[in-house]
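Given next are the chains, with one letter for each unit.
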Amino acid sequence: MSTTQTVLDLDQVCINTMRTLAIDAIQQANSGHPGTPMGMSPTVYCLWQRLMKFDPEDPIWMNRDRFVLSAGHASTLLYTILHLARVKAVDPEYEILGRPSVTLDDLKSFRQFGSRCAGHPEYRWTSGVETTTGPLGQGVATSVGMAIAEKWLAARYNKPGFELFGYRIYALCGDGCMMEGISSEAASVAGHLKLDNLCWIYDNNHITIEGKTDIAFTEDVAGRFLAYGWNVVRVGDANDLDRIENALRNAAGTTGRPSIVIVDSHIGYGSPHRQDTSAAHGEPLGEEEIKLVKQAYGWPADAKFLVPNGVYEHLESGIGRRGREAHEQWEKQFAEYRKQFPELAAELDQIQKRELPVNWSKDIPSFPADSKGVSGRDASAKVLNAIAPNLPWMIGGSADLTPSTKTRLTFPGAGDFQADSRSGRNLHFGIREHSMGAILNGLALSKLRPFGSGFLIFSDYGRGAIRLSALMEIPVIHIFTHDSIGVGEDGPTHQPIEHLISLRAIPNLVVMRPCDANEVAEAWRTILAMPRQPVALILTRQNLPTFDRKRFAAASGLSKGAYVLADAEGGNPEVLLMATGSEVSLCVEAYEELSKQGIRARVVSMPSWELFERQSEEYRRAVLPPTVKARVAVEQASTFGWCRYVGIDGAILGMKTFGASAPLKVLQKEFGFTTGHVVQAAKEQLAQVK
Ligand SMILES: Cc1ncc(C[n+]2csc(CCOP(=O)(O)OP(=O)(O)O)c2C)c(N)n1
């Protein structure tokens, strides 16, 4: 046997190990999709073994190539390669633990409680998983954010003779990802931005859950991507490693365009018995079928979770050695870089640990009391532009609404991120809220501090990605302006109603709706200090009075989620008025009126329910004393959820319809957001409890 033959055979053994491990894991779990792992193992193997620059010893090395499994249902594809390449785990503090990321036992307990091999790949749970995937389309869209981040990092930190950043982003996707609209949005962005560090690999297997794709998907994918300005490469045989390698190298060598490699495959490839059936998609194969498949792979029919001799070593001699050498080389280069550019190197240390520069908050303004006041969005614009110059890796933009959301970075040198200006800090997502959310996730996964903005009403469009930012615990700042019927004349299509509460319903997402300019400043201070906290920052379009903080409590109370803004003299209130955002000033007016009438009221500003819930019981009881039963909540949004704070007999002044098109003043009157109405509700509450 010649040497080449031996190597080829070993490649095949490694591929069949991936396939059979996946088959066994799925059979053991009695749930999962074996087809794609069988069909795509050669492609994934080829990519990792022959091309990827990735050091299994340090899966968070900054300059590693990224592999995103956008077809998250094929998770065993990722788990088997992470296992066979012996990728190490890292802990959340970014110290290398040394234990394997995925053990054979994890694979044996695929989809069971506690296993690193969860049903779909989960970021921060399994090292080497670059982003959580499962909702189809999200992975590919997120990869565009990763590609933007790489270009941005390279532009800022690479210096002549020091190519610190030069990594590629690969995303494996199937028909599902191609059909989801988010992939079109994201591909369009990537084409526009000429992200040639990006390569999508499309498993063109013509099968989805309902059967053949021709029942629903007959478009010309290649033509579509050519139209986006992508480089399109085809591989006719998903089993031909050399052709796959050539295609991937073609992509890597293409400049000025992202690439898509279309791999024609058969689901369940290699199984002569189960091709092109929808059953192979959604179900384990079954013991009998497995025996036949294993026979066809030249495997002992009864062996389970078999890793033949030489497999780990073969991967070590490929991805292992290549990754280690590239990483060592890079570390040497970085040590020299540190000497020549100590400040930039220190920034990279901070980026890697999600820390902030010492002085990041020094220029945050405080706003003088002003009854005319300023809108939430305008206050935020000032604060954002006071922070961003001191936090160089904060970048962001909007879905074509920057003039309205006021999120443009305007300081000298901020610039735009475009194909010909990679160090710009202002991104233009175009009118693509969903992919904006995913791109922000990709930026945050690359450790930048991203923000994106739009109208609150359109948070629905980005919700899939927002939810994933919360699931992944990554610090994306989702800014939503035009936060209520306060938008006035635009009418019900633009007046968010259920959006606040539906964002609050997402676990681990912090929603903040500040009530005045100083709360906006505190919101930003609080948000940035939380390194793993995605936030929805909700801002008004219309002016809000800036409270006199000498008379009222300090805005720093925002960091506790809710605080007593104004209280009855000497404390001991008989009625509680609580509100968020623009309705806090209404409660303050009502409080003043009630005080005049000798009624002891307390105003609680509640910018963030989530942060409030994280406080001690003692604090929460101090702010909302359980003995005070007369309670009024005011929010220009769905009343849903406020019962938690006012109790079942409390009053909730909110919205029960979609709103209407009219000037704001009229709407406030029509929908009952007037001082008189709040005062009346408070009195009714008092009468009720007495
Ligand atoms: C947004 C979303 N919708 C639906 C699903 C359910 N789902 C999981 S796999 C799948 C079919 C995917 O087909 P394809 O991408 O071609 O993958 P393959 O058949 O190659 O495994 C569907 C619809 C999902 N995971 N995400």
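What counts and how
- In every chain, residue numbers begin from 1 and rise along the written sequence.
- Whole-chain, interface and lining totals are the exception, using all residues; otherwise, since this is a predicted model, local features are given only for residues with pLDDT of at least 70 and side-chain atom pairs are given and counted only at 80 or more.
- Excluding hydrogens and water, the side-chain figures rest on all heavy atoms present in the structure.
- Only DSSP runs of H or I with at least four residues qualify as helices, and only runs of E with at least two residues qualify as strands; both kinds are numbered from the N terminus onward.
- Buried means the residue's accessible area, taken with a 1.4 Å probe over protein chains only, is under 20% of the maximum for its type, while exposed means over 50%, and partly exposed covers the values in between.
- The pairing criterion is simple: DSSP has to find at least two bridges between the two strands.
- Axis definition: a line fit to C-alpha positions, over the contact stretch in the case of helices; interaxial angles, taken between N-to-C directions, run 0 to 180 degrees.
- The aromatic pairing rule takes the rings of Phe, Tyr and Trp, using the six-membered ring of Trp, and pairs them if the centres are within 6.5 Å, calling planes under 30 degrees apart stacked, those over 60 edge-to-face and the rest tilted.
- We call a charge positioned above a ring when the Lys NZ or Arg CZ atom is no farther than 6 Å from the ring centre and deviates by at most 35 degrees from the ring normal.
- One less than the residue count of a helix, multiplied by 1.5 Å, gives the span that helix is expected to have.
- UniProt positions are given in the numbering used here, feature names are shortened, and annotations may be inferred rather than shown by experiment.
- Residue contacts follow a heavy-atom distance rule, with two residues in contact if any of their heavy atoms lie within 4.5 Å.
- By convention in these notes, a salt bridge is any Lys or Arg side-chain nitrogen within 4 Å of a carboxyl oxygen on Asp or Glu.
- Residues grouped as a nonpolar core are buried Ala, Val, Leu, Ile, Met, Phe, Trp, Tyr and Cys residues, joined through side-chain atoms within 4.5 Å.
- An automatic or database domain assignment supplies the residue ranges for each domain.

*Asks:* So what exactly am I meant to see when it comes to unusual backbone geometry here?
*Replies:* Leaving glycine out, the prevailing phi sign among residues is negative, and the prevailing peptide bond configuration is trans. Here the phi dihedral of Phe-305 falls at roughly 50°; this positive angle occurs in a residue that is not glycine. Among the secondary structure elements, Phe-305 is positioned in the loop between α11 (287-296) and α12 (311-340). Residue class for Phe-305 comes out buried when judged on its relative accessible area of 7%. Not every positive phi belongs to a glycine, and Asn-508 is a case in point at roughly 70°. Along the chain, the position of Asn-508 falls in the loop between α18 (499-504) and β15 (510-512).

*Asks:* Would you mind showing me how to read the sheet that holds strand β4 (residues 169-173) here?
*Replies:* By way of backbone hydrogen bonds, the strands of a sheet pair with one another, either parallel or antiparallel. Across the sheet, five strands lie side by side as β1-β4-β5-β9-β8; this open sheet has parallel pairing. In this open sheet, the two edge strands, each paired with only one partner strand, are β1 (66-69) and β8 (231-235). In this sheet, adjacent strand axes meet at a mean angle of 20° when their direction is disregarded. Across five bridges, β4 lies against strand β5 (residues 198-204) in parallel orientation. By the bridge assignment, Leu-172 is partnered in β5 with Ile-201.

*Asks:* For this particular structure, what's the right way to read the pairing of β4?
*Replies:* On any regular strand, side chains alternate: one points to one face of the sheet, the next to the other face. Counting buried residues along β4, five of its five residues qualify, which places the element largely inside the surrounding structure. With burial as the criterion, each face of β4 is covered, one bearing Ile-169, Ala-171 and Cys-173 and the other bearing Tyr-170 and Leu-172. Pairing of β1 with β4, which is carried by four bridges, proceeds in the parallel orientation. Within β4, the residue paired with Leu-69 across the bridge is Leu-172.

*Asks:* Mind showing me how you'd approach the packing of aromatic side chains here?
*Replies:* Each aromatic ring pair is summarised here by two numbers: the centre-to-centre distance and the angle between the ring planes. Scanning the model with the defined rule gives 24 aromatic pairs in all. For the ring pair Phe-334 and Tyr-337, a centre distance of 5.9 Å and an interplane angle of 25° mean the geometry is stacked. With a gap of three residues between them, Phe-334 and Tyr-337 both fall in helix α12, about one helical turn apart. Since its relative accessible area comes to 0%, Tyr-337 is described here as buried. When the ring centre of Tyr-167 is taken as reference, the NZ or CZ atom of Arg-66 above it lies at 4.0 Å. It is Lys-560 that lies over the ring of Tyr-619; its NZ or CZ is 5.4 Å from the centre.

*Asks:* Can you walk me through helix α16 (residues 433-445) in this structure?
*Replies:* Counting along an α-helix, one turn takes 3.6 residues, and residues three or four places apart therefore face a common direction. With 13 residues, α16 extends 18 Å from end C-alpha to end C-alpha; this agrees with the ideal 18 Å at 1.5 Å per step. A positive phi of about 75° marks Lys-447, the residue just after α16.

*Asks:* How do you make sense of the environment of Asp-420 when you look at a structure like this?
*Replies:* In this fold, Asp-420 is placed in the loop between α15 (402-405) and β12 (426-428). Judged by its relative accessible area of 72%, Asp-420 is exposed. Each C-alpha atom of the pair Asp-420 and Leu-193 lies 8.5 Å from the other, and the pair is 227 residues apart in sequence.

*Asks:* I would appreciate a short explanation of the UniProt feature "site: Important for catalytic activity" (unreviewed entry) in the protein in the present structure.
*Replies:* Mapped onto this numbering, the UniProt entry annotates "site: Important for catalytic activity" (unreviewed entry) at His-33 and His-281. Here His-33 shows up in the loop between α1 (3-29) and α2 (35-51).

*Asks:* Is there a simple way to think about the sheet that holds strand β18 (residues 563-566) in this case?
*Replies:* Taken in spatial order, the five strands of this open sheet run β18-β20-β19-β21-β22, and their pairing is mixed. Each edge of the open sheet carries a strand with a single partner, namely β18 and β22 (651-655). Direction aside, the axes of adjacent strands within the sheet are offset by 25° on average. When strand β21 (residues 630-638) meets β22, the two strands line up parallel, connected through four bridges. Bridge assignment links Val-634 to a residue of β22, and that residue is Leu-653. On the sheet, helix α20 (residues 583-596) packs against β18, β19 (575-579), β20 (601-605) and β21 and is oriented at approximately 160° with respect to β19.

*Asks:* In this structure, what is going on with the pattern of salt bridges? I would like to understand it.
*Replies:* Side-chain pairs of opposite charge can arise whenever the charged atoms involved come near each other. Following the criterion strictly, the structure yields 30 salt bridges and no others. The salt bridge partner of Glu-336 is Lys-339, with a shortest N-O separation of 3.5 Å. Of this pair, Glu-336 and Lys-339 both sit in helix α12, three residues apart, roughly one helical turn. Using a relative accessible area of 64% as the deciding quantity, one classes Lys-339 as exposed. Residue Arg-513 pairs with Asp-483 through a salt bridge whose shortest N-O separation is 2.9 Å. Of this pair, Arg-513 sits in the loop between β15 and α19 (517-528) while Asp-483 sits in the loop between β14 (477-481) and α18; the two residues are 30 residues apart in sequence, bridging distant segments of the chain. By the burial criterion, Arg-513 is buried, and Asp-483 matches it. Taken together, the shared-partner salt bridges connect Asp-11, Arg-50, Asp-242, Glu-245 and Arg-249 into one network.

*Asks:* Please explain the nonpolar core as it appears in this structure.
*Replies:* Nonpolar side chains in soluble globular proteins generally cluster together in the buried interior. Counting residues in each nonpolar core, the largest one holds 100 residues, and the members touching the most others are Val-144, Tyr-157, Trp-200, Met-394, Met-512 and Trp-524. Counting residues per element, this core draws most heavily on helix α5 (residues 138-157), at eleven residues. When residues are assigned to domains, this core turns out to be shared by domain 1 (3-327) and domain 2 (370-545), each giving three or more. Excluding anything up to four places from it in sequence, Tyr-157 contacts Trp-152, Leu-164, Phe-165, Tyr-337, Leu-344, Glu-347, Leu-348, Ile-351 and Trp-393. Among the nonpolar cores identified, the runner-up in size contains 53 residues, and Cys-14, Phe-54, Val-233 and Ala-238 belong to it.

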